[in-house]
Amino acid sequence: MSPDVDHTPKRRPTRAETKARTRRLLLDAAARTYARKGFAGASVEEIAEAAGFSIGAVYSNFGSKERLFVELLKERASEQVSRATRIVADAQAGDDPVPALGRLLANAADKDPDFAPLQAEFWLYAVRNPPLMETLAEELRGPRAELESLMGQAMEHIGAPAAVPADAVATIAMALFQGLLRQRRIDPASVPDELLGQAMQWLFAGIAASGTATGAQGPDSTDDPAATDAPEAADRPEENR
């Protein structure tokens, strides 16, 4: 017998590892099936068959076709935020992250062109199913919190006023990204690669300018027009005294 033969028994995967692999295969199969047939047209049976499992695997891991799609949305959102975070982190050496953020938008729109229409389709479906909309909002709070942290770092870098909340900026940034991504699918020429970066520059320029304008008023400034515009008593006409 050859001495090079490895007789070490292979380690059996743990229950958690098996479950994680099953979920991964189901998510990948769901992404392919949804892309091909749309959310409404895809069935649990088709998704399970594409992944090599019974429909029971879908229900035991996700509960429903809707929850499976929500999980897919959450995963994609987290991936996009993680890429943006790495871009900003890599730019700390002095590089401008704006062009790379623009390429991130282009890749998201062009590499996975079916996903934006699926998001729109599912949004319409969820609007008519309020409990599902609540579930969607809850599951997307994680990626949004990651984006909030990223926006907080960027705001600190530009010296944004403390009164500007990072969560509001994260909401605006997410809306910019999603809206530009959809517009690029409709009319690619209207959303060139660098437009997302430009939009973010304009957003932060506006935030920085608002801080400058607030500071220019000075600590003794007031918003009370009666206190600043009313004439002194000595200057008023005698009949008004």
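Residues numbered from 1 in each chain as written. Predicted model: local features only at pLDDT ≥ 70, side-chain atom pairs only at ≥ 80, totals over all residues. Heavy atoms only, no water.

### A word on a nonpolar patch on the surface
Among the surface-exposed residues, W123, L124 and V127 lie close enough to one another that they form a single nonpolar patch of about 290 Å² accessible area. Examined against the element boundaries, L124 turns out to sit in helix α6 (residues 115-127). Judged by its relative accessible area of 42%, L124 is partly exposed. (Patch = residues over 30% accessible without salt bridge, like charges linked within 9 Å, V, L, I, M, F, W, Y side chains within 5 Å. Areas by Shrake-Rupley, 256 points an atom, 1.4 Å probe, with all protein chains shown as cover. Salt bridge = Lys/Arg side-chain N within 4 Å of Asp/Glu carboxyl O. Helix = DSSP H or I, 4+ residues; strand = E, 2+ residues; numbered from the N terminus. Buried < 20%, exposed > 50% of the residue type's maximum accessible area, 1.4 Å probe, protein only.)

### Quick look at the packing of aromatic side chains
Per the counting criterion, the structure on display carries seven aromatic pairs. Ring plane angle 65° and centroid distance 5.4 Å describe the contact between F39 and F69, whose orientation is recorded as edge-to-face. Of this pair, F39 sits in helix α1 (residues 15-41) while F69 sits in helix α4 (residues 65-90), and the two are 30 residues apart along the sequence. Overall, the relative accessible area of 0% leaves F69 in the buried class. Seen in terms of ring centroids, F39 and F122 are 5.0 Å apart; in terms of plane orientation they differ by 85°. Their pairing is edge-to-face. With F39 in helix α1 and F122 in helix α6, this pair connects stretches of sequence that are 83 residues apart. Here F39 matches F122 in class, with each residue buried. (Phe/Tyr/Trp six-rings, centres within 6.5 Å; stacked < 30°, edge-to-face > 60°.)

### Looking at the nonpolar core
Judged by nonpolar contacts, the single largest core of 28 residues is most densely connected at L105, L147, M151, V169, L180, M200 and F204. Residue assignment for this core shows that the elements contributing at least two residues are α4, α5 (98-111), α8 (141-158), α9 (166-186) and α10 (195-216). Residues within four places of M200 in sequence aside, it is in contact with M151, A173 and L176. Counting residues in hydrophobic clusters, the runner-up holds 26 residues, among them A30, F122, A126 and L136. (Core = buried A, V, L, I, M, F, W, Y, C linked by side-chain atoms within 4.5 Å. Contact = heavy atoms within 4.5 Å.)

### Some details on the environment of R32
Here R32 shows up in helix α1. On the basis of relative accessible area, R32 is assigned to the partly exposed category, the value being 46%. Taking the C-alpha atoms as reference points, R32 and A42, separated by 10 residues in sequence, lie 9.9 Å from one another.

### What to know about the side chain of S78
Tracing the backbone through its elements, the reader meets S78 in helix α4. Accessibility expressed as a relative area gives 18% for S78, which makes it buried. Excluding anything up to four places from it in sequence, S78 contacts P143 and E146.

### Brief notes about the confidence of the model for the chain
Detailed conclusions should not be drawn from predicted coordinates in areas where pLDDT is low. Per-residue confidence for the chain gives a mean pLDDT of 79, with 78% of residues at or over 70. Per-element confidence in the chain ranges from a low mean pLDDT of 45 for helix α11 (residues 225-229) to a high of 96 for helix α2 (residues 44-51). Here residues 214-241 scores under 50 on pLDDT; set against residues more than four positions off or in separate chains, the count is seven contacts. (pLDDT = per-residue confidence, 0-100.)

### Some remarks on α8
Over its 18 residues, α8 runs 25 Å from end to end, which matches the ideal 26 Å to within 8%, given 1.5 Å per residue. Downstream of α8 by a residue or two, G159 has a phi angle that is positive, lying close to 70°. (Expected span 1.5 Å × (residues − 1).)

### Thoughts on the environment of A40
With respect to the secondary-structure elements, A40 resides in helix α1. Along the primary structure A40 and E66 are separated by 26 residues, whereas in three dimensions their C-alpha atoms are 9.9 Å apart. Those residues in contact with A40 that lie beyond four places of it in its chain are K65 and E121.

### Observations regarding the pattern of salt bridges
Under the defined criterion, the tally for this structure stands at eight salt bridges. Residue D28 pairs with R24 through a salt bridge whose shortest N-O separation is 3.0 Å. Of this pair, D28 and R24 are both found in helix α1, four residues apart, which corresponds to roughly one turn of the helix. You can call D28 partly exposed: its relative accessible area is 32%. The partner of R67 in a salt bridge is E139, and the shortest N-O contact between them spans 3.8 Å.

### What to know about the environment of T33
Looking at where T33 falls in the secondary structure, it is placed in helix α1. Using a relative accessible area of 1% as the deciding quantity, one classes T33 as buried. Filtering out sequence-adjacent residues up to four positions away, T33 remains in contact with G38, A42, E46, I47 and A50. A polar contact is formed between the side chain of T33 and the backbone oxygen of A29, at a distance of 2.8 Å. (Polar contact = N/O pair within 3.5 Å; in protein donor to acceptor, adjacent residues only side chain to side chain.)

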